[in-house]
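Fold and geometry: a report
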Amino acid sequence: MNTKLTRRTLMKTTAAAGVAAAFGGRAAFAAEEPLGIALVVPSPIGDVGWGRALADGLEPIKAAYGDKVKVTILENIAEGPDADRIMNKTVADGNKFLVAGSFGYQNGAIQLAKRMPDISVLHASGYMVAPNFSPFAAKYFQGTYLMGMAAAALSKTGKIGSVSAFAIPELITSINAFTLGAQTVNPDIDVSVIWVNSWFDPAKEQDAAKALMSQDCDVIFSNAQDTPSVISACEDAGVYAFNLNSSMKKYAEKTYLGCVLTDWSPYFKAQVEAHMAGTFTGANAFLGVEDKVVEVVDWNPDVPADMMTKIKDVEAKIADGSFSPFSGPITKQDGSVGVAEGTTLTDAEIVAMDWHVKGVSTPLPK
Amino acid sequence: MSAVEFILASMLAAATPFLLAALGELVAERSGVMNLGVEGMMALGAALAFIIVHNGGGHFLAFLAAGLAATALSLVFAFVALGFRANQVATGLAIGIFGQGLSALFGKSYEAMTVKSLPKMSIPGLSDLPVIGGLFTQDIVVWLSLIVTLVIGIAFARSKVGLVLRAVGENPKAARAIGYPVIAIRVGAVAFGGLMAGFAGAYASVVYTPLWADGMIAGRGWIAIALVVFGTWLTGRIFLGACLFGAVSLIGLTAQTSGLAIPSQLLSSLPYIVTIVVLGIISSNKRLLKLNGIASLGEPFER
């Protein structure tokens, strides 16, 4: 079963549920109740983007368990008191498994988890952990490293860029790995970053992409944009572009470089099964190519074949754990040592990264 | 292309959504009515225009439908705020939220889709000039907006229509006494405001950023209203304010690629700061402000 709700219809159905409860109807549903799974996301879910990737991650669970699960999707829920209220409500409505799809839901969701020990909560991109509360994040940097290699091979100007949402570690690591990957092909590559300081403003994102193109950047990384704003502007200008989470190839048939895809389904399915078996334990999940969560797809055929071989080789090494993009020596933007020779950053160090590597020409906002 | 060339070439297009919406609001406010629903009217126009272009209706039809839909919404505002003399601020806010909701509803199945934009038209000769050449290569809507700006500016300064509109806004009782139908004129002004907001929304969704995403207007309607006030209800200043806002937003983005150590958060807030400061300075003349301010703005008219 699948009920897709917006805030508006939620109000209607909750009102209806209230009426049903008032007439004493609730107890009748108690037998054979399916596991209620609720996904809360901050933006509207379109054909593509972050919310779409999360929603798609729940599909295999629906396919595998049919009537035994009931998935509710609550989209366009603003972070803050609204989200807290709606998460409380959806749990009160009987949903026992909650996927809180935005960093800003953290405080409300963890309080809810502590108050309701029988529910399990997965929280995107956070750092707090509780016995029934697991933060999860993707190792996008593994994919952006490979993209950097391809970008440097295709760039004629030696300048590539990124339109990025906010200067938080998750996005910074993606840019750093993109730069490091590009440097393996062209050590002098110049990476410019424009921070739009907004999760959602398609017009501004497109302006930023055009500003990068005016500075001769000929490969652009759309870092954390939910709409094809950057990708379609790049197609119009004949500039290569790639993005994260879900493929936007249909918006840029010619110049789409590829997609660093996130497939959350293996993780979601394992966690839902753990909840059903009563073995759910809160833990930090940092998932990558090795977990089949991060995957690079829809490679542009323009990437030279010998480069593609090299990329596939590195991808295999990342998957078997013999290589990490953040292995030393790595120099910071200011010239100091970022990662010493012979050492590799741990997951904990990567998720806290607040510095750019040398080669990124834009200073990091403080 | 240098950064300066890029900013000059893109500035007018960036300013157009603000300019169109602000001009509409200017006409409404000049007649003494404050309609705060611009954001919602823009959103509704944007959604409808996108749906029409996406289904092959073409840009002309899209602008027409967007304008008419937003006009209809503005007439709902007029019906409540002018017909029943309800509080204009509250009614405008309600209409704005309603419009955003409607746009989300209509646009639901078009989320994150894209369409083709309009081609750019160059002014021969001028567009080949060094550095400033880009300024003369714009899409047709930009050119038409400039003409509309000029017409509205002249209408307020020189024509009888402009004079009557201002009279109704300054002193509705006196206007009524000499025989002008105050409410009808105000309804007309509000409807014009709706039409322009609809065009502004259409420009945002099918020309400037040719895609639909719920919430894509992202506060531009509010900036348009602010431009009217900071531009002290003068067409030229509103045009200047819109261009300034557009240009400084682009400067903020380009400056980040220059490697200057300016925090990007500051650059992002720069358009707001610069526009407020510049328009604040030019409107700091108290006497002039009083002269341009609209005496009966927001007050319901009772015979």
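None of these values were measured; they are calculated from a predicted model.

Below, the discussion takes up the overall build of chain A. Summing up its helical and strand segments, chain A has eleven helices and 15 strands in all. Over its C-alpha trace chain A gives a radius of gyration of 22 Å, about what one expects of a compact globule, namely 21 Å for 366 residues. Dimensions of chain A along its principal axes, counting C-alpha atoms only, are 70 × 45 × 40 Å. A buried classification covers 50% of the 366 residues belonging to chain A.

All right, on to the environment of Ser117(B) then. All names here are of chain B. Topologically, Ser117 is positioned in the loop between strand 1 (113-114) and strand 2 (120-122). Note on Ser117: 19 C-beta atoms within 10 Å, which makes it partly exposed. Taking the C-alpha atoms as reference points, Ser117 and Tyr208, separated by 91 residues in sequence, lie 7.2 Å from one another.

Here the focus is the interface of chain A and chain B. If you look at the interface, chain A gives 33 residues, while chain B gives 29 residues. Among the elements of the structure, strand 8 (190-195), helix 7 (202-214) and helix 8 (229-237) of chain A are those that each provide at least two residues to the side of chain A that touches chain B. No other element matches the nine residues that helix 7 of chain A contributes to the side of chain A that touches chain B. Looking at the side of chain A that touches chain B, its residues break down into 15 nonpolar, 13 polar and five charged.

Looking now at the sheet that holds strand 11 (residues 256-262) of chain A. All names here are of chain A. Pairing is mixed in the open sheet, where six strands are placed in the order 8-7-9-10-11-13. Both edges of this open sheet fall to strand 8 and strand 13 (294-297), since each of them pairs with a single strand only. Each strand of the sheet is rotated relative to its neighbour by a mean of 15 degrees, with strand direction disregarded. Relative to strand 9 (residues 219-223), strand 7 (residues 159-164) is paired through four bridges, and the arrangement is parallel. Across the sheet, Gly161 pairs through a bridge with Ile220, a residue of strand 9.

Once that is clear, we can look at unusual backbone geometry. Pro329(A) follows Gly328(A) through a cis peptide bond whose omega is 0 degrees. Structurally, Pro329(A) can be placed in the loop between helix 10 (305-319) and strand 14 (330-331). The backbone phi angle of Asn245(A) is positive, close to 80 degrees, even though this residue is not glycine. You can see Asn245(A) is positioned in strand 10 (residues 240-245). Positive phi values are uncommon outside glycine, yet Trp233(B) reaches one of about 55 degrees.

With that out of the way, let us pick up the domain arrangement of chain A. Where interface size is given, it is often the accessible area lost as the parts come together that is meant. Residues and elements named next belong to chain A. You can read the domains of chain A as domain 1 (2-138) and domain 2 (140-262 + 293-351). Taken over C-alpha atoms, the centre of domain 1 sits 32 Å from the centre of domain 2. Taken together, the elements giving at least two residues each to the side of domain 1 that touches domain 2 come down to helix 2 (50-65) and strand 6 (133-138). Examining the composition of the side of domain 1 that touches domain 2, we find that four residues originate from one element, helix 2, more than from any other. Here the residues of the side of domain 1 that touches domain 2 are counted per class, giving five nonpolar, four polar and one charged.

This next bit is on the packing of helix 3 (residues 59-83) of chain B against helix 4 (residues 88-107) of chain B. Residues and elements named next belong to chain B. Viewed as axis vectors pointing N to C, helix 3 and helix 4 meet at an angle of 150 degrees, and their least axial separation amounts to 10 Å. With respect to helix 4, the axis of helix 3 lies roughly antiparallel. Crossing of helix 3 over helix 4 shows right-handed handedness. Contacts between helix 3 and helix 4 involve Leu73, Val76, Phe77, Val80 and Ala81 from the former and Gln88, Thr91, Gly92, Ile95 and Gly99 from the latter. Residue composition of the contact of helix 3 with helix 4, by class: six nonpolar, four polar and no charged.

Within the largest apolar cluster, 205 residues are counted, with the highest numbers of intra-cluster contacts made by Val40(A), Ile220(A), Ala241(A), Ala22(B), Ala49(B) and Leu227(B). Per-element tally for this core: the top contributor is helix 8 (residues 182-208) of chain B, with 18 residues. When residues of this core are assigned to domains, at least three map to each of domain 1 (2-138) and domain 2 (140-262 + 293-351) of chain A. Look past the residues within four positions of Ala49(B) in its chain and what remains in contact with it is Ala62(B), Phe63(B), Ala65(B), Ala66(B), Gly201(B), Ala202(B), Ser205(B) and Val206(B).

Right, let's get into helix 10 of chain A. Its 15 residues place the ends of helix 10 of chain A 21 Å apart at the C-alpha level, agreeing with the 21 Å of an ideal helix rising 1.5 Å per residue. In the segment just after helix 10 of chain A, Gly321(A) is the residue with positive phi, at about 85 degrees.

This part is about the confidence of the model for chain B. The share of residues in chain B with pLDDT of 70 or more is 99%, and the mean pLDDT across the chain is 92. Scored as a complex, the prediction yields pTM 0.85 and ipTM 0.86.

Packed helices, taken two at a time, are described by the angle their axes make and the gap between the axes. Residue and element names in this part refer to chain B. Two numbers describe how helix 10 (residues 235-257) lies on helix 11 (residues 264-282): the axes approach to 9 Å, and their chain directions differ by 155 degrees. Taken together, the axes of helix 10 and helix 11 are roughly antiparallel relative to one another. Seen along the crossing, helix 10 lies across helix 11 with a hand that is right-handed. Between helix 10 and helix 11, the contacting residues are Arg237, Gly241, Leu244, Phe245, Val248, Ser249, Gly252, Ala255 and Gln256 on the first element and Ser264, Leu267, Ser268, Leu270, Pro271, Val274, Thr275, Val278, Leu279 and Ile282 on the second. A class-by-class count of the residues in the contact of helix 10 with helix 11 yields eleven nonpolar, seven polar and one charged.

Residue and element names in this part refer to chain B. The residue Met113 is located in strand 1 in this model. Classification of Met113 as buried rests on a count of 22 C-beta atoms within 10 Å. The spatial distance from the C-alpha of Met113 to the C-alpha of Thr232 is 38 Å, given a sequence separation of 119 residues. Aside from chain neighbours lying at most four places away, what touches Met113 is His54, Leu211 and Trp212.

Definitions and cut-offs
- Residues numbered from 1 in each chain as written.
- Chains lettered and ligands numbered in written order.
- Predicted model: local features only at pLDDT ≥ 70, side-chain atom pairs only at ≥ 80, totals over all residues.
- Helix = DSSP H or I, 4+ residues; strand = E, 2+ residues; numbered from the N terminus.
- Rg over C-alpha atoms; globule rule 2.2 N^0.38 Å.
- Buried ≥ 20, exposed ≤ 12 C-beta atoms within 10 Å, placed from the backbone.
- Contact = placed C-beta atoms within 7 Å.
- Nonpolar A, V, L, I, M, F, W, Y, C, P; charged D, E, K, R; others polar.
- Pairing = 2+ DSSP bridges.
- Axes fitted to C-alpha atoms, helices over the stretch in contact; angles between N-to-C directions.
- Domains from an automatic or database assignment.
- Parallel < 35°, antiparallel > 145°, perpendicular 65-115°, else oblique.
- Left-handed = near helix turned anticlockwise from the far one by under 90°.
- Core = buried A, V, L, I, M, F, W, Y, C linked by C-beta atoms within 7 Å.
- Expected span 1.5 Å × (residues − 1).
- pLDDT = per-residue confidence, 0-100.

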